[in-house]
Amino acid sequence: MSLRYALLGLLSERPAAGYDLLRRFKESLGNVWSATQSQIYTELTKLAEADLIEVSDEGPRGRKEYTITAAGLADLRAWLTGTEPKRQARNEILMRVFFLNLTSPDYARTYLTGIADRSAAARDELDALRQSVDWDDSELSRYGRIAMEWGERFHEMNEQWALWAREQLPPED
């Protein structure tokens, strides 16, 4: 996945300015993909140059509202239906776990507790986000809730796994 398709997807719902896209991005895609304001604005420029989006309205202080074009929608659909997601094979957290035997059992326990705590905090953040979003019957809301559910389950699984893994360590001295 790339920022290109995330922005095209958000614009397929409705036109938006860069600032609005940044806010919507954080609210809807923040748990699956991250992007900074400068990355979003740079990508919007590239999308406009490729005729995948167009400026549909201009406001004060150079504010531009973007709309997805037919070519942009076709590109988004081709990406959705014609490409396989890349499998993420790297996981630094698990690689460290693999070598925790090189540390003390106390450090290993602390490390695993940290994973559990961060996972619980991330799940709590998603729960707060779920409560703050004005869900409706739109397709973006439906699939956004599905994606959010994945994030909540993912963090819950990580928390439970880390607590289990901690119990597998030798007893404390």
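Caption draft 1: Inspection of the overall build of the protein chain at higher detail. Along the protein chain, the regular secondary structure elements total 7 helices and 3 strands. In sequence order, the secondary structure elements of the protein chain are arranged as α-β-α-α-β-β-α-α-α-α. Each principal axis of the C-alpha distribution contributes one length, and for the protein chain these read about 65 × 35 × 30 Å. Residue burial in the protein chain is summarised as follows: out of 173 residues, 31% are buried. Taking as baseline every contact in the protein chain between residues at least 6 positions apart, the subset at least 24 positions apart corresponds to 54%. Summed over all atoms, the accessible surface of the protein chain reaches about 11,900 Å², with 53% contributed by carbon and sulfur. Once the 22 positive and 29 negative side-chain charges of the protein chain are each reduced to a mean point, those two points are 3 Å apart.

Caption draft 2: Summary view of helix α1 (residues 3-13). Burial analysis of α1 places 8 of its 11 residues in the buried class, which makes it a mostly covered element. Of the positions making up α1, those classed as buried are Leu 3, Tyr 5, Ala 6, Leu 7, Leu 8, Gly 9, Leu 10 and Leu 11.

The rules we used
Residue indices begin from 1 for each chain and proceed along its sequence in written order. In view of the model being predicted, local features appear only for residues whose pLDDT reaches at least 70, and side-chain atom pairs are presented and counted only at 80 or more, with totals across whole chains, interfaces and linings using the full set of residues. For side-chain calculations, the full set of non-hydrogen atoms in the structure is used, while hydrogens and water are omitted. Helix and strand assignments come from DSSP, with helices taken as H or I runs of at least 4 residues and strands as E runs of at least 2, each series counted from the N terminus. We call a residue buried when its accessible area falls under 20% of the maximum for its residue type, exposed when it is over 50%, and partly exposed in between, using a 1.4 Å probe and counting protein chains only. Here a residue-residue contact requires only that any non-hydrogen atoms of the pair lie within 4.5 Å. Here the accessible surface of atoms and residues is derived via Shrake-Rupley with a 1.4 Å probe, and residues count as covered only by protein chains that are part of the display. We score Asp and Glu as negative and Lys and Arg as positive, and we do not count His or the chain ends. Here the site of a charge means NZ on Lys, CZ on Arg, CG on Asp, or CD on Glu.

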